[in-house]
Amino acid sequence: MSTPTPLILTRLDVQRLEQLIDSLPETTPGIAALQAELDRAETIVGHEEVPAGVVTMNSRVHCREESSGKDYRLTLVYPKDANADEGKISILAPVGSALLGLQVGQHINWPAPGGKTLKLELLEVEYQPKAPADFNA
């Protein structure tokens, strides 16, 4: 069993995600996994200090599934903005909380339907919000 990779998170993401957790019933699916990810963050930085290759909220990423070679382009969003058809993945989905804080070149396990687990590699952070206007959502 491998040790989870260290996470880099932004202060703004942590604040907003803690508010989200506090606003939802404890039984909401995905809350425990998200809290576990927040708890293991080793570095919390201002949004202007986050490295370009780190997944933050509202980042658009390019991942590849290891065994099939299938590419995925996903955007990590808050639950109200989730839309699987558009590749907008909720932070409360298993792949969403696993992507948060991930760095280019790192891998995550993505629980797929039917009990299968896919291994995804983060190839690129195609968009990472840094401009103040992007933080209002």
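The rules behind these values
- Residues numbered from 1 in each chain as written.
- Predicted model: local features only at pLDDT ≥ 70, side-chain atom pairs only at ≥ 80, totals over all residues.
- Heavy atoms only, no water.
- Helix = DSSP H or I, 4+ residues; strand = E, 2+ residues; numbered from the N terminus.
- Buried < 20%, exposed > 50% of the residue type's maximum accessible area, 1.4 Å probe, protein only.
- Arc of directions from axis to C-beta.
- Contact = heavy atoms within 4.5 Å.
- Axes fitted to C-alpha atoms, helices over the stretch in contact; angles between N-to-C directions.
- Parallel < 35°, antiparallel > 145°, perpendicular 65-115°, else oblique.
- Left-handed = near helix turned anticlockwise from the far one by under 90°.
- Nonpolar A, V, L, I, M, F, W, Y, C, P; charged D, E, K, R; others polar.
- Expected span 1.5 Å × (residues − 1).
- UniProt positions renumbered as here; feature names shortened; annotations may be inferred.
- Pairing = 2+ DSSP bridges.

### A few points about unusual backbone geometry
One non-glycine residue, Asn58, lies in positive phi territory at about 70 degrees. Note on placement: Asn58 falls in the loop between β2 (41-45) and β3 (60-65). On the accessibility criterion, Asn58 (18% relative accessible area) is buried.

### Considering helix α2 (residues 31-39)
Among the residues of α2, those classed as buried are Ile31, Leu34, Glu37 and Leu38. Buried positions in α2, seen along its axis, are confined to an arc of 125 degrees and lie on one side of it. Opposite the packed face of α2, turned more than 90 degrees from it, sit the exposed residues Ala32 and Asp39. Those residues of α2 that are buried are in contact with β1 (7-10), α1 (11-23), β2 and α3 (94-99).

### A short note on the packing of α1 against α2
Closest axis-to-axis distance for the α1/α2 pair is 11 Å, and the angle between their directions is 150 degrees. Taken together, the axes of α1 and α2 lie roughly antiparallel to each other. Crossing of α1 against α2: the hand is left-handed. Together, Val14, Leu17, Glu18 and Ile21 of α1 and Ile31, Leu34, Gln35 and Leu38 of α2 make up the contact between the two elements. Taken together, the residues of the contact of α1 with α2 sort by class into six nonpolar, one polar and one charged.

### Section: α1
Across its 13 residues, α1 extends 18 Å between first and last C-alpha, which sits within 8% of the 18 Å expected from 1.5 Å per residue. Within α1, burial applies to Asp13, Val14, Leu17, Leu20 and Ile21. Summarising the axial view, the buried residues of α1 lie within an arc of 125 degrees, below the 170-degree limit, and thus occupy one face. Set apart from the buried face of α1 by more than 90 degrees, the exposed residues are Gln19, Asp22 and Ser23. Turning to α1, the residues buried within the fold contact β1, α2 and β2.

### Comments concerning the UniProt feature "domain: Transcription elongation factor GreA/GreB C-terminal" (unreviewed entry) in the protein chain
Per the UniProt record, the feature "domain: Transcription elongation factor GreA/GreB C-terminal" (unreviewed entry) sits at residues 51-127. What you have in residues 51-127 is 8% helix and 42% strand, and the ends, taken at the C-alpha atoms, are 12 Å apart.

### Digging into the pairing of β3
The side chains of a regular strand alternate between the sheet's two faces. Taken together, the five bridges between β3 and strand β4 (residues 71-77) define a ladder with antiparallel strand orientation. Paired with Arg60 across the strands is Thr75, a residue of β4. What sits between β3 and β4 in their antiparallel hairpin is a turn of five residues, with Gly69 showing a positive phi close to 80 degrees. As defined by bridge partners, β3 adjoins strand β7 (residues 117-127) across six bridges and the pair is classed as antiparallel. Across the sheet, residue Val61 finds its bridge partner in β7, namely Val125.

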